[in-house]
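Residue-level listing of the chains:
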Amino acid sequence: MGKIISFTNKKGGVGKTTTAINMAAYCAELGKKVLLVDIDSQGNATTGLGFSKSALKKSVYNVLIEEEKVAANVLPTQVKLLDVLPANVDLTGAEVDLVYKRDRERILKEALEKVRNDYDYIFIDCPPSLGLLTVNAWVASDSVIIPLQAEYYALEGVSQLMNTIAMVKQHLNPALKIEGVVITMYDGRALIAKQITAEIKKFFKSKLYEIIIPRNVRLSEAPSHGVPILIHDPKCVGARAYRALTEEFLSKQN
């Protein structure tokens, strides 16, 4: 049975989608069958894997709102063993449409349960908000991975994020766990980054991955080419970091 993991942070621009795409790609390269679900209306995971949001007729919206099957909306990517359930422009109105649905927090869970056995891992790229789409992702998930930048504002938002996760755990998904926390876009030259990294380690303890993702130009270029970093530049420092992070993640699985 596949494990479902949400990549989440209420703050945008922290490398959440970059982490979801590249961990998914390296898991696939290491022989795992992976589905990446894009439930962010910005659709960055979709474009980051080479698909045009405006050209897509089917997407995760059809699964959430029109109750279509996941398998009918999944697309294969350029990475062998990696599929994507994409987002398109329709997803922008999904939060409003979901309000009127019965068991609205559990729609994604019920849809993904039907394909869970087809994959080793299902990764969900969440919106940078704590709305109904994110709640759907958390209810569907076994655990969450939290990408964090080593900066002051990132720490500020962590307590609210953790409180919301605790509420979902209490009322909707008692099994939800923190899978891990990864520091992204790290600039080792900045003293504040080192200080905040130490604070994050104190707060999350063993949940913090040892591998830190550095700020890297090649990583930020890859999405504009519609490919993960393992295709764009597999030898760059960012690629090596994401491969090592994925190996650390896999080493902690049962």
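Scroll up for the structure.
Residues numbered from 1 in each chain as written. Predicted model: local features only at pLDDT ≥ 70, side-chain atom pairs only at ≥ 80, totals over all residues. Heavy atoms only, no water.

Caption draft 1: Summary view of the environment of Ala239. Secondary-structure assignment places Ala239 in helix 11 (residues 237-251). Separated by 224 residues in sequence, Ala239 and Gly15 place their C-alpha atoms 14 Å apart. (Helix = DSSP H or I, 4+ residues; strand = E, 2+ residues; numbered from the N terminus.)

Caption draft 2: Expanded view of the pairing of strand 5 (residues 121-125). Where burial is concerned, most of strand 5 is hidden: five out of the five residues are buried. Neither face of strand 5 is exposed, since Tyr121, Phe123 and Asp125 on one face and Ile122 and Ile124 on the opposite face are all buried. By the bridge criterion, five bridges tie strand 2 (residues 34-38) to strand 5 in an arrangement that is parallel. The residue of strand 5 that forms the bridge with Leu36 is Phe123. (Buried < 20%, exposed > 50% of the residue type's maximum accessible area, 1.4 Å probe, protein only. Pairing = 2+ DSSP bridges.)

Caption draft 3: Broad picture of the side chain of Ser6. By the element assignment, Ser6 lies in strand 1 (residues 3-7). Within the structure, the side chain of Ser6 is placed 2.7 Å from the side chain of Ser141, a separation counted as a polar contact. With sequence-adjacent residues up to four places away left out, Ser6 is seen in contact with Ile124, Cys126, Ala137, Trp138, Ser141, Ser143, Val144 and Ile145. (Polar contact = N/O pair within 3.5 Å; in protein donor to acceptor, adjacent residues only side chain to side chain. Contact = heavy atoms within 4.5 Å.)

Caption draft 4: Up close: the packing of aromatic side chains. What the rule picks out here adds up to five aromatic pairs. Between Phe123 and Phe249, the aromatic rings sit 6.0 Å apart at their centres with planes inclined by 70°, giving edge-to-face as the arrangement. Note that Phe123 is positioned in strand 5 and Phe249 in helix 11, a separation of 126 residues in sequence. Take Phe123: its relative accessible area is 0%, and that puts it in the buried class. In this structure Phe249 comes out as buried when scored by relative accessible area, which is 0%. Each residue in the set Phe7, Tyr121, Phe123 and Phe249 is aromatic and connected to the rest through ring pairs, giving one cluster. (Phe/Tyr/Trp six-rings, centres within 6.5 Å; stacked < 30°, edge-to-face > 60°.)

Caption draft 5: Layout of the nonpolar core. Core analysis: the largest hydrophobic core is formed by 51 residues, its most contacted members being Leu35, Val37, Val70, Leu112, Ile124 and Trp138. Per-element accounting of this core gives the leading share, seven residues, to helix 6 (residues 132-140). Among residues more than four places away in sequence, those in contact with Trp138 are Ser6, Thr8, Cys126, Leu130, Val144, Leu161, Thr164, Ile165, Val168, Asn173 and Leu176. Counting residues in hydrophobic clusters, the runner-up holds 36 residues, among them Ala24, Phe123, Leu219 and Phe249. (Core = buried A, V, L, I, M, F, W, Y, C linked by side-chain atoms within 4.5 Å.)

Caption draft 6: Structural detail: a nonpolar patch on the surface. Side chains of Val96, Val99 and Tyr100 sit close together on the surface and give an oily, nonpolar patch of about 350 Å² of accessible area. Mapped onto the fold, Val99 is located in helix 4 (residues 94-99). (Patch = residues over 30% accessible without salt bridge, like charges linked within 9 Å, V, L, I, M, F, W, Y side chains within 5 Å. Areas by Shrake-Rupley, 256 points an atom, 1.4 Å probe, with all protein chains shown as cover. Salt bridge = Lys/Arg side-chain N within 4 Å of Asp/Glu carboxyl O.)

Caption draft 7: Quick look at the sheet that holds strand 2. Spatial strand order, 3-4-2-5-1-6-7: seven strands in an open sheet with mixed pairing. Where the open sheet ends on each side, the last strands, each with one partner, are strand 3 (75-76) and strand 7 (177-184). Two strands pair when backbone bridges link them, and strand 1 and strand 5 are joined in this way by five bridges, in the parallel orientation. Each bridged residue has a counterpart across the sheet, and for Ile4 the counterpart in strand 5 is Ile122. Each of strand 1, strand 2, strand 4 (82-85), strand 5, strand 6 (143-149) and strand 7 touches helix 1 (residues 16-29); the most contacted strand, strand 5, lies at about 165° to it. Lying on the sheet, helix 8 (residues 191-204) is in contact with strand 6 and strand 7; it crosses strand 7 at an angle near 175°. (Axes fitted to C-alpha atoms, helices over the stretch in contact; angles between N-to-C directions.)

These figures come from the coordinates and say nothing about function on their own.
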